[in-house]
Protein chains: 2
Amino acid sequence: MNTKSNKPTLKENKGIAQPQIVSKTAISNIKKKRKSPLSSEKLIKGILEGNITALSQAITLVESKNSRHLKKANTILKACLPHANQSIRIGITGVPGVGKSTFIEAFGMHLTALNKKVAVLAVDPSSSITRGSILGDKTRMEDLVKNKSAFIRPSASGNSLGGVARKTRETIILCEAAGFDTIVIETVGVGQSETAVHSMVDFFLLLKLAGAGDELQGIKRGIIEMADTIAINKADGDNLKRAKLAKVEFNRALHLYPEKSSNWQPKVVICSAINNEGVAALWAIIEDYFSKTSKNNYFEEKRKAQNKYWLLQTIEEQLKSDFFNSKKIKKELLKQMQLIEGNKTTPFAAAEYLLGLK
Amino acid sequence: MNTKSNKPTLKENKGIAQPQIVSKTAISNIKKKRKSPLSSEKLIKGILEGNITALSQAITLVESKNSRHLKKANTILKACLPHANQSIRIGITGVPGVGKSTFIEAFGMHLTALNKKVAVLAVDPSSSITRGSILGDKTRMEDLVKNKSAFIRPSASGNSLGGVARKTRETIILCEAAGFDTIVIETVGVGQSETAVHSMVDFFLLLKLAGAGDELQGIKRGIIEMADTIAINKADGDNLKRAKLAKVEFNRALHLYPEKSSNWQPKVVICSAINNEGVAALWAIIEDYFSKTSKNNYFEEKRKAQNKYWLLQTIEEQLKSDFFNSKKIKKELLKQMQLIEGNKTTPFAAAEYLLGLK
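Residues numbered from 1 in each chain as written. Chains lettered and ligands numbered in written order. Predicted model: local features only at pLDDT ≥ 70, side-chain atom pairs only at ≥ 80, totals over all residues.

**Quick look at the pairing of strand 1 (residues 88-93) of chain A**
Residue and element names in this part refer to chain A.
Then, number 1: The buried fraction of strand 1 is high, at 5 of 6 residues.
Then, number 2: With 6 bridges joining them, strand 1 and strand 4 (residues 182-187) adopt parallel strand pairing. Of the residues in strand 4, the one forming a bridge with isoleucine 88 is threonine 182.
Then, number 3: Judged from the 4 bridges that link them, strand 1 and strand 5 (residues 203-208) form a sheet pairing that is parallel. Counted as the bridge partner of threonine 93 is leucine 206 from strand 5. (Buried ≥ 20, exposed ≤ 12 C-beta atoms within 10 Å, placed from the backbone. Helix = DSSP H or I, 4+ residues; strand = E, 2+ residues; numbered from the N terminus. Pairing = 2+ DSSP bridges.)

Here is the structure:
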C-alpha cells in the first residue's frame, strides 16, 4: 500500500488550506521591508522636529535585539540627550480593573486641552507572553489615540523586567527630545515592575478602588509607600460613599509612614475618570508637587539619583548575565548544584570554585 | 624658657600614670600569643569530639579576614560537612524590647532539660559598630551561659550583611559537626537581616508584643509572611488580656496570606518567657512542624533550595565586589557619575563604557 497517496504531506496539506494568493498583510510586509530605513541623522532630525514616524522608528531601534540596531539607537540617544529632561514624568499603577486606561484617557485629554504634549508608555514585562498590556489595547483610549498632541506606545517586550524597564527608560529620552513635556508611564503591577517605574518617574500615582481589599498587597510590596498621591477611582454612583470612606482610611494609613525626603505629604483624592471628575484636581496636585520639589531642589536631585541607580543597576545585571550565560559556567554550575544536592560541598566552596573558572 | 621641663612628654606622662608593672591582662595576652594555634587536623578532631575550645577556635578562623585563616577554615568546613545537617535550625526575630534574650534563655533551658544540645548564634550586621548585639550581653542569659549543653556565640562582625550572614551560615556547619542538634539563630532585625536568617533556618519564629504597634512594619518588610509561628511574649499580669486579643488579630491577619509551600499553617501562641509559660507548648509546635515537613519532604527540599540560594548569592556578591573594588573602575566610575550629574551621558552608555574596561 502506498501510504503517500493516502496521507498528504504537510506541504501538500498546507497548499490546500492556503490557496496561493498574496494577502493584504503580505503586501504590506513586503512594502515595509522594501522601504529603506532612515539614517541616524535623518531620524535625529525628525525626532527633534517632533516627527512621530521618526520617533516610532527610533523606539523600534531601542527595542531591537539586533546589535547593529542597538548601536544606531545609542547614536540617536546620545544626540537626543541634550534635548531631553524637559518634562514631568508620571508613573501610574493599580491592579487590573481599577480603570487605568479610562483614567489615562481622561488625564491625557485634560492635559492636551491645556496645550501639553503627552507621551504614554508602559512597563509590562508580561506583555511578551500574554500580550495583555493595557496599552496594547488602544481601543480603550479612543480619543487619546486620535489626539495629535498624544503619543501612545505599548510596552517593549522582553524576558526580564530589567530589560523592558531599560528600554522604556531610553524611550523617555526620545519622547522628550521629540517635544513631549508630560510622560506618563503605566504599569500593570506585575512583580517588581512598580519599583522599576518608580525609579524612572518624578511623581508616582497609585490608583485604587474603594474596598477592593488589596490594601495588604499594597503595603506588603511597598507600593503605598512609593505613592506621591493615591487616587480612589470609580468614585461615582453607589461607590461614592465608600470611596469617601476609603479616602479617610488611606489618609490615616499614609500618616503611619515616615515623612518623605521630598518633604511632600502624599495626598489622597477621589475621582471618576469615566465621568471626568477629579482629574483636573489631580493635575493641580501634580503641578503643586512639581513646583514645590523644583524649589527645594528635590526634583533635580531625584533625577540624578535615578540616573546613578540605573548606571549601577545596568552594570550589576550585565555582570551577572556575562557570568551565568557563559557555556563553561553553565555546565560547571550544574555539576556544583548536584554536589550541593548530595551534600558533598558547601555553597561557599562551590561559589569559590565557579568564580575561579572566570 | 625650657618648655621641655614644664611639659612632660607623653612618654614621661605615661610613665607616671602607668607604673612599670606588668598587668594581669598583659600576662594573659602574652600567654595567648605564645600558645601556638592548633592544626586543622587537631581542630577537626576536637570539633567532632564536641570540644568547645576547638569549636570556638574554628569559628574564629571562619570569622577572620586573614586569607591564610580562611583557607584553614575551608579545610575544616569541608571535613565537618559530612557530620553537619543533623539539626533543627530555628530563626528568632523581634524588635528590641520584645524579650528575645529572656525567651532564648527559657527556650534553651527547656531544650537542654530534654537532653538537647543547643547552639545560639546571631546575625547582627550592626554589632561591629554599636556592639549592641543582644548575645554580646551574655549576662542576660545567666543560666544558659553556664549550661554545659549550650553554646552561645555572639554575631560575627563585618561591614556587610552578606558577609556576616555567610559567616553565621558556616558556623552552623561547625556547631552541627560538634554535636549540637538545635541551632538557634537570633537577629535583632536590622534592615534585611531577617531575610538572611530566614534563608538559613528551617523554622522561623517571630516574637511580638501585644499592641506594640509595629504590625505595619512587620507586614511591610515581609516578616509576618516569613513566620512559621508568631509568639506574643510578655503575656503576663496586666498584659495577658491584650496578648490574647492580639493572638486573635494575628491569626486573622495570617489567614490573609496564601498557603505556604510547606503546607504548614502558621500558628500564633502567647507566652511569658520570664515566667517560663508557653515555652514547652511552643517547642511542641516546632516538633510538630519538624515531623510534618520531614514527612512531606519539604524540610529536605528547603535546605537544598537554601544551599542553592547561597551559592548564587555568594557568586553575585563576589562579582560585584570584584568589579567595583578594582582601582581602575573606581576612578572611572567617579568620572562617569560626574558626566551623569552634568547630564552628558545616559546611565546605559556609562555602564557600557565601564563594563568595557573590565
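**What to know about the sheet that holds strand 2 (residues 118-123) of chain B**
Residues and elements named next belong to chain B.
Then, number 1: Pairing in this open sheet of 7 strands is parallel, and the strands run 3-2-4-1-5-6-7 from one edge to the other. Two strands in the sheet have a free side with no partner beyond their single neighbour: strand 3 (150-152) and strand 7 (267-270). Between one strand axis and the next, the sheet turns by 20° as a mean value, whatever way the strands run.
Then, number 2: Looking at chain direction, strand 2 and strand 4 (residues 182-187) are connected through 6 bridges and run parallel. From the neighbouring strand, valine 118 faces strand 4, where its bridge partner is threonine 182.
Then, number 3: Against the sheet, helix 14 (residues 239-254) makes contact with strand 6 (229-232) and strand 7, and its axis sits at roughly 170° relative to strand 7, the strand it touches most. (Axes fitted to C-alpha atoms, helices over the stretch in contact; angles between N-to-C directions. Contact = placed C-beta atoms within 7 Å.)

**Looking at the interface of chain A and chain B**
When the parts come together, some accessible area is lost, and that loss is often what is quoted as the size of the interface.
Then, number 1: Taken together, the 38 residues of chain A in the interface contact 38 residues of chain B.
Then, number 2: Taken together, the elements giving at least two residues each to the side of chain A that touches chain B come down to helix 6 (67-80), helix 10 (161-177), helix 12 (215-220), helix 16 (298-324), helix 17 (327-341) and helix 18 (347-356) of chain A.
Then, number 3: In terms of residue count, the dominant contributor to the side of chain A that touches chain B is helix 16 of chain A (12 residues).
Then, number 4: Across the side of chain A that touches chain B, the residue classes break down as 20 nonpolar, 9 polar and 9 charged. (Nonpolar A, V, L, I, M, F, W, Y, C, P; charged D, E, K, R; others polar.)

**Looking at the relation of the copies chain A and chain B**
Then, number 1: After a rotation of 180° and a shift along the axis of 0.0 Å, chain A superposes on chain B with an RMSD of 0.0 Å. Such values leave the two copies arranged in the relation of a two-fold axis.
Then, number 2: Of the interface residues in chain A, 100% have counterparts in chain B that sit at the interface too, so the contact is made through matching surfaces. (Least-squares fit on C-alpha atoms with pLDDT ≥ 70 in both.)

**Observations concerning the sheet that holds strand 5 of chain A**
Residue and element names in this part refer to chain A.
Then, number 1: Read from one edge of the open sheet, 7 strands run 3-2-4-1-5-6-7, paired in parallel fashion. The open sheet has two edge strands with one neighbour each: strand 3 (150-152) and strand 7 (267-270). Averaged over all pairs of adjacent strands, the angle between their axes in this sheet comes to 20°, without regard to strand direction.
Then, number 2: On the sheet, helix 10 packs against strand 1, strand 2 (118-123), strand 3 and strand 4 and is oriented at approximately 170° with respect to strand 2.

**Describing the packing of helix 16 of chain A against helix 17 (residues 327-341) of chain B**
Then, number 1: For the pair helix 16 of chain A and helix 17 of chain B, interaxial distance at closest approach is 9 Å and the crossing angle is 140°. With respect to each other, helix 16 of chain A and helix 17 of chain B are oriented oblique. For the pair helix 16 of chain A and helix 17 of chain B, the sense of crossing is right-handed. Facing helix 16 of chain A, whose interface residues are A:Lys304, A:Asn307, A:Lys308 and A:Leu311, helix 17 of chain B presents B:Gln336, B:Met337, B:Ile340 and B:Glu341. (Parallel < 35°, antiparallel > 145°, perpendicular 65-115°, else oblique. Left-handed = near helix turned anticlockwise from the far one by under 90°.)

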